[in-house]
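# Residue-level structure breakdown
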Amino acid sequence: MASAPETLQVPRGRSSLERTRGSGLLDRILKWGLTALSIGVILLIAYFFEVLIADSRPVFAQTGFFSFVFNSEWVPSQALYGALPLLVGTLITSAIALVIGVPIAVATALYITELASPRVRAPLTILVELLAAVPSVVYGLWGFFFLIPKLKPAEQWFSDTFAFLPFVGGTVSGPNYFIAGLILAIMIIPIVSAISREVMTTVPRENKEAALALGATRWEMIRMAVLPYSKGGITGGAMLGLGRAIGETIAVTIVIGNAPEIGKTIFSQGYSLAAVIANEFGEAASDKVHRAALIAAGLVLFLLTLAINALARYFVNRASRGQRAASKPAAGMAG
Amino acid sequence: MSSVSLQPVSGRRKRADRGARAIVALFTGIALIPLFFILYYLLKEGLGAWSWDFFTTDPTGSFLGDPGGIKSAILGTIEMVAIATAVAVPIGVGVAIWLVEYGRQSWLATGVRYFIDVMTGVPSIVFGLFVYITLVVTNFGGASFAGYKGAIALALLMLPVVTRSAEVVLLLVPNTLREAAYALGAPRWKVIFKIVLPTALPGMVTGILLAIARAAGETAPLLFTATIVNATTFNLGDRMNSLPALIFQDVGQAQDRLVQIAWGAALTLVAMILILTILARLVQRRSRLS
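Residues numbered from 1 in each chain as written. Chains lettered and ligands numbered in written order. Predicted model: local features only at pLDDT ≥ 70, side-chain atom pairs only at ≥ 80, totals over all residues. Heavy atoms only, no water.

## Observations concerning the packing of helix H4 (residues 84-115) of chain A against helix H1 (residues 11-49) of chain B
- Interaxial distance between H4(A) and H1(B) falls to 8 Å at its minimum, and their mutual angle equals 115°. The orientation of H4(A) with respect to H1(B), classified from their angle, is roughly perpendicular. Judged by the twist between their axes, the crossing of H4(A) over H1(B) is left-handed. For the pair H4(A) and H1(B), the contacting residues are Pro103(A), Ile104(A), Ala107(A), Thr108(A), Leu110(A), Tyr111(A) and Leu115(A) in the first and Arg21(B), Val24(B), Ala25(B), Phe27(B), Thr28(B), Ile30(B) and Ala31(B) in the second.
- Counted by class, the contact of H4(A) with H1(B) contains 11 nonpolar, two polar and one charged residues. (Axes fitted to C-alpha atoms, helices over the stretch in contact; angles between N-to-C directions. Helix = DSSP H or I, 4+ residues; strand = E, 2+ residues; numbered from the N terminus. Parallel < 35°, antiparallel > 145°, perpendicular 65-115°, else oblique. Left-handed = near helix turned anticlockwise from the far one by under 90°. Contact = heavy atoms within 4.5 Å. Nonpolar A, V, L, I, M, F, W, Y, C, P; charged D, E, K, R; others polar.)

Put into C-alpha cells, the structure is as follows:
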C-alpha cells in the first residue's frame, strides 16, 4: 500500500539543466574566458593600429606626414614617396562610384519596397544581392576583358563631344578612372540598396497612407513620405558604400592602369592607395623605406575608411533611432 | 456646402508620376544589367575551360606550353577558408555571447562593439598588410609566406562579420526562454549552451556561411600572405595557391590560354560562393528567429 508522502516524491531522474557540483566553477571559467576573449579583440585592434603606425615611421621620418600625403611624385626607384596621385585616384574613383551607384541603388530599393508587385519582390532582392556574391577579382577580370574594350568607343565619343566640360576631353586610355569607378559603382549597389531598403520598410504606414488619402500620386507619396523619412538612412548607406569603394583593391588594380600620376581627365590612367600596395609589396620587401611607404599608404587608407564609417554609423544610427528594432543590424551586417 | 469635390489629378502630376516611376524601374533594370553580363561571360568563357583535367591537375606555370589546371588553387582556397573559419567562428561567436549574455550595455561591451565595427570597415588589403608586417616579414615560424598566414588574414576579415551577425541573432532569442531555464535552477553555462545557442544556431549558421562566402572571394590579403604557387600542398606552413590569387595572376598575362584558365577559375569560384550563399538563405528560412 502506497502511503501519501510517497506519491508526492519526485522520481530521481536527472534533468539536463540540473545544477551539478562543478557548475559554479564552470560558470566562472566561462564568464572570465569570454571576457578575456573580448578584451583580446580590443587589444588586437590596438596592436594592429600600433603596428601600422610604427612600421610606417621610416617614410614619415624621411618625408614628413604632410609631404607624404601632398607630394605628387611617387617614384620608388628614386625614393620619392608622394602619395597624392594615389589619394586622388582613390577619391576620384570612389566619387564616380557614388555618383553612379547611389541613385541606381536607391531606385532599386524604392522599386522593391514601393512599386514592385509582391510577387517579384523576393526574386528582385535576391538578384540585387547576387551582385555582392561576385568576388572582386571576378569584377576585375570582367572589367578588363569586357568593359574596357566595349566601352572605349563610347567613352571616346563622350570625351570628344563634351570636351568643354572640366576633366573631360583628350584621348581615352583603355584602363582609366571612369572604368574603375563604374566597377566600384556596381560593387557598392548591393550594400547601399540593402540599407536603403531596410530604412524604407520602417517608414510608418500611416505616413504613406495619409499622403495617398490626400490625393497624392504614388511618386508624390514617395517624395513626401518615404524619401524624407529615410534620408538619413540612405546617406548612411551611401557612406558605407563609400567606405567599401575606398578600400576596394583588386578590381581597381586590374582596371585603373596603375600609372602613379594625377590623370588630367576622368578617362586617364591613374593609381589608387590600395592598388599600389597590392602591386609593389613584392619589390618593397628589401627596401625598408619603400615598405614603410606602402604601410603608410595602408595607414592613410585605414584612417580614411575609419572616418567615413564613423560618419556612416552616425547617420544610420540616427535614422534608426526610435524605429523598430528590425533596422538595428543594418550598420553591422555589411557583409 | 453640398459635397466634397474630389479634384481629378492634373495631367502634369500624372505625367510626373508616370515619368518618375518609369525612371525608378529603368534604374532597377540598369542595376541588373552587369549581373546578367557577368554571368553570361562567366558561363561563355568559363565553361570552355572546364574539363576533367582542369580540376585534377596543378598549374604548370609554363607560359607557352600546357598551362595545366587549377587543382592547387581550389584545394588551397578550401584549406585556407576552412582554417580561417575554424579560427574566426569560435572567437566571433564567443565574443558575441559575451556581448549579449555578460557585457550587455557596460562600457567594456560598448568598447568591444565599437572596435568590432572599426574592424568591419578595415579594407581587406590592410589586414593583409598587417599579417605581412607581423608574420611574413619577420619570418614567423621559420618561413616567410605560408598558407596559415593567409588563413589568419582571412580570419581577421571574417571575425567582425561573424560577431555582428551572431550578436544580432542572440539578441533575438526570447528572454522568457532564459528566464524559464534559470527558474528551473539551471546554471548560467547550461542556459547558454543548452538553451540560447541551440535556439540561435540556424541564424548564426547563416551569418557564418555568408562570412565564409565573403572570405573565399578575397584576393588582396592572400597575395602577400600565402602568395601564388603552382603545386598543391597540404602543409599549412608552405606557400599556398588560391583561386582569387590565381585569377589575379592570369588576368595580367598576354596569353589567351592563361586568360581562359582565369575565366574557368572565376566560374569555379563564383559557383562555390553561390552554393554557400544559397545554403545560407536556405538555413535562414528554416530559422524560427528571423
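On we go from here.
## Description of the confidence of the model for chain A
Residue and element names in this part refer to chain A.
- In this model, chain A carries an average pLDDT of 86, and 91% of its residues clear a pLDDT of 70 or more.
- Looking over chain A, one finds the lowest element-wise mean pLDDT in helix H1 (residues 4-8), namely 44, and the highest in H4, namely 95.
- Across residues 1-10, confidence stays below pLDDT 50; counting only partners more than four residues off in sequence or on other chains, it has zero contacts.
- Confidence drops under a pLDDT of 50 for residues 324-335, and excluding neighbours within four residues, the segment shows 21 contacts in the predicted structure. (pLDDT = per-residue confidence, 0-100.)

## Some words on the interface of chain A and chain B
- Of the residues lining the interface, 84 residues belong to chain A; the matching set on chain B comes to 86 residues.
- Across the interface of chain A and chain B, roughly 7,500 Å² is buried in total on both sides, 81% from carbon and sulfur atoms.
- Three residues stand out in chain A for area buried against chain B, namely Leu17(A), Leu141(A) and Phe281(A), and they jointly supply 9% of the buried area on that side.
- One can count three salt bridges joining chain A with chain B.
- For Arg313(A), the salt bridge identified is with Asp117(B), shortest N-O distance 3.8 Å.
- Counting across the chain A and chain B interface gives eight residue pairs in polar contact (both at pLDDT 80 or more).
- Per-element tally for the side of chain A that touches chain B: the top contributor is helix H2 (residues 23-63) of chain A, with 19 residues. (Buried area = accessible area lost by both parts, 1.4 Å probe. Salt bridge = Lys/Arg side-chain N within 4 Å of Asp/Glu carboxyl O. Polar contact = N/O pair within 3.5 Å; in protein donor to acceptor, adjacent residues only side chain to side chain.)

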